[in-house]
Every structure is written in structure tokens, then in C-alpha cells.
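# Summary of the model geometry
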Amino acid sequence: MKSNIIGVCAALFLMVSVSVFAVDMPDIAKKNQCTACHTIDRKSVGPALMDVSKFYNGKMDKTAGGKTLTEATGGKPPAEWLLYKVSHGGSGNWGSAAMMPNDPTGKKQADIKALIDFVLGLAK
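Here the structure is a predicted model, which means the values were calculated and not measured.

Take the nonpolar core next. Counting 20 residues, the largest nonpolar core has Leu-49, Tyr-56 and Ile-116 as the members making the most contacts within it. Looking at this core, the elements with two or more residues in it are α3 (49-56), α5 (78-88) and α6 (109-122). With 6 residues, the top contributor of residues to this core is α6. If we skip the residues at most four places from it in the chain, Tyr-56 touches Leu-69, Ala-72, Thr-73, Pro-78, Trp-81, Leu-82, Asn-93, Trp-94 and Leu-120.

This paragraph deals with the packing of aromatic side chains. Enumeration over the complete set of coordinates arrives at 3 aromatic pairs. Note on Phe-55 and Tyr-56: the rings are 4.9 Å apart at their centroids and 80° apart in plane angle, and the pair reads as edge-to-face. A residue is classified by how much of its surface remains accessible, and Tyr-56, at 6% relative accessible area, is buried. On the basis of an interplanar angle of 80° and a centroid distance of 5.7 Å, the ring pair of Phe-55 and Trp-94 is categorised as edge-to-face. Taken together, the positions of Phe-55 in helix α3 and Trp-94 in the loop between α5 and α6 put the pair 39 residues apart, joining distant regions of the chain.

Looking at the protein as a whole, its pLDDT mean stands at 86, while 82% of the residues score no less than 70. Within the model, pLDDT remains below 50 along residues 7-20, and this stretch shows 0 contacts once partners closer than five positions in the same chain are excluded.

Looking now at the side chain of Thr-39. With respect to the helices and strands, the residue Thr-39 is situated in the loop between α2 (27-31) and α3. Note on Thr-39: relative accessible area 16%, which makes it buried. Engagement of the side chain of Thr-39 in a polar contact is seen with the backbone oxygen of Arg-42, the distance being 2.5 Å. Among all residues touching Thr-39, those that are not within four sequence positions of it are Met-25, Ser-44, Pro-47, Ala-48 and Leu-49.

Mapped onto the elements of the fold, Asn-32 is located in the loop between α2 and α3. Setting aside its immediate chain neighbours within four residues, Asn-32 contacts Asn-102, Lys-108, Asp-111 and Leu-115.

With that settled, the discussion passes to the pattern of salt bridges. Scanning all chains against the criterion turns up 2 salt bridges. Notably, a salt bridge pairs Lys-30 with Asp-27, separated by 3.9 Å at the nearest N-O pair. In this pair, Lys-30 and Asp-27 both sit in helix α2, 3 residues apart, roughly one turn of the helix. Look at Lys-30 and you get partly exposed, because its relative accessible area is 45%. Note that Lys-31 is salt-bridged to Asp-111, the shortest N-O span being 3.0 Å. Of this pair, Lys-31 sits in helix α2 while Asp-111 sits in helix α6, and the two are 80 residues apart along the sequence. Residue classification places Lys-31 among the exposed positions, given a relative accessible area of 58%. For Asp-111, a relative accessible area of 18% translates into the label buried.

The rules behind the values
Residues numbered from 1 in each chain as written. Predicted model: local features only at pLDDT ≥ 70, side-chain atom pairs only at ≥ 80, totals over all residues. Heavy atoms only, no water. Core = buried A, V, L, I, M, F, W, Y, C linked by side-chain atoms within 4.5 Å. Buried < 20%, exposed > 50% of the residue type's maximum accessible area, 1.4 Å probe, protein only. Helix = DSSP H or I, 4+ residues; strand = E, 2+ residues; numbered from the N terminus. Contact = heavy atoms within 4.5 Å. Phe/Tyr/Trp six-rings, centres within 6.5 Å; stacked < 30°, edge-to-face > 60°. pLDDT = per-residue confidence, 0-100. Polar contact = N/O pair within 3.5 Å; in protein donor to acceptor, adjacent residues only side chain to side chain. Salt bridge = Lys/Arg side-chain N within 4 Å of Asp/Glu carboxyl O.

Right, dumping it as C-alpha cells:
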């Protein structure tokens, strides 16, 4: 009887754990090739999107590159800064790897805003 209860509890824990951590990359991120450098939960070429979310939501003191929120954004609101950064690319906040510009002409701003909303919502 005890082993059955333990087995059921272990199965329930596993199901809950998987559902809590299973966040899929949205199709818009795949379409815009964000997945080439980013994953949800671990550093790849670029930072984990969960780390980006934690940082810009004030739940991390510094980026992997050692910058504070004010240093990283120049004092701009995080969503505004991220729109600029994702659109125009750059490096330095999360290390030496440069992010390529994703929308220097401003034609995909709605897509980028949706991605930023997704990323910022990960750690709320």
C-alpha cells in the first residue's frame, strides 16, 4: 500500500514538474529565427529567455555581462529598450556575442513587440 501511494505521489510530482517547466517557444520566435540563438531555459549562443525575463522584471541584479538594469537600458523602460535592442542588435549586456539586427527598417515591430511581451511574461 505504501509503495502504491509513493508511486502515485512520484507520478503526480513528475506531471506537475513537467507542466510547470514546459514552456514552448512561440511560433513567432521560430518564424523570426530567435531559436537559432535562444532557448527558454538555458544559455545557448544568447542568454536564456527566462534569464532575460528575470533581469528585465527586476528579479536578477546583473546580466551575465555584469550590467545593472540602469546600465543595460540606459534608464529606458525595459520593453522600450528591448524593442530597440532586438530591432537593431548589438552586444555587451549578456556577454561578447553580438545579436544580429532583426528589424532595422522597422517593418516587423508588431512581431517584435509580441516576442518582447512573451519574454517579459516568462518570469512574472
